[in-house]
Amino acid sequence: RPYDIEFRAQRKNGEWFWAHDRAVATDDKNGIRVATGLLSDITERKKAEEGLLRLASIVECSEDAIIGKTTEGVITSWNRAAEKMYGYTKTEVLGRNLSFLVIPERREEIRALIESVRAGHSVECFETQRLTKEGSVLDVSLSVSPIKDASGQVTGSSAIARDITRRKHSEEQLKLQSAALEAAANGI
């Protein structure tokens, strides 16, 4: 029977490593059972996998919406905070172009952001507005970064969105109060 397993092993010098063992048992011409296989050191792969799992956990636990997209704007990843902020589940958005989140007055803005990222540039703390599933308008601060492959080619982007609606509302209230105070001081 063939087998294919991964396990931790210890070298003669005491160092631990990850191993991948594949083998098949056969009978030789004399009827003696022999195993033929390959044992590989997969320590670096395991370290990379652990790093990816840690990163995925950070993304899922973030309070900010983190969205992965292709260079055309098609959503490839959507964390729990994005679900909470925008009201759409991951299932509802994966494979869709992110344009459904953009208010009509901001359509050109999304094209400019995509072009900037395609050119390899990051966009930080860009304040804009987006739509929720219920049709509400959110004020958001976006940071958008290109995602590159091993050869350095831009293959997509990641966007981190923070809901700043309360802050914007507070700023507007302060402006109104300042204007009212100024009007009162000027006797208007």
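Note: the structure precedes this text.
About the cut-offs
Residues numbered from 1 in each chain as written. Predicted model: local features only at pLDDT ≥ 70, side-chain atom pairs only at ≥ 80, totals over all residues. Heavy atoms only, no water. Pairing = 2+ DSSP bridges. Helix = DSSP H or I, 4+ residues; strand = E, 2+ residues; numbered from the N terminus. Axes fitted to C-alpha atoms, helices over the stretch in contact; angles between N-to-C directions. Contact = heavy atoms within 4.5 Å.

## Brief notes about the sheet that holds strand β1 (residues 2-10)
Pairing is antiparallel in the open sheet, where three strands are placed in the order β1-β2-β3. Every other strand in the sheet has two partners, leaving β1 and β3 (33-41) as the edge strands with one partner each. Shown here is a sheet whose adjacent strand axes are inclined to one another by a mean of 25°, direction ignored. Pairing between β1 and strand β2 (residues 16-27): nine bridges, direction antiparallel. Residue F7 lies in a different strand from β2, and its bridge partner there is A19. Helix-sheet contacts for helix α1 (residues 43-61) involve β1, β2 and β3, and the interaxial angle to β2 is about 120°.

## Focus on the sheet that holds strand β5 (residues 75-78)
Across the sheet, which stays open at both edges, the five strands sit in the order β5-β4-β8-β7-β6 with antiparallel pairing between neighbours. Single-partner strands in this sheet number two, and they are β5 and β6 (123-131). Averaged over all neighbouring strand pairs, the angle between strand axes comes to 30°, with direction disregarded. Where strand β4 (residues 65-70) and β5 come together, three bridges link them in antiparallel fashion. Residue K69 lies in a different strand from β5, and its bridge partner there is I75. Relative to the sheet, helix α4 (residues 107-118) contacts β6, β7 (137-148) and β8 (154-163), its axis offset from that of β6 by approximately 150°. With respect to the sheet, helix α5 (residues 165-185) is in contact with β6, β7 and β8, its orientation differing from that of β7 by roughly 130°.

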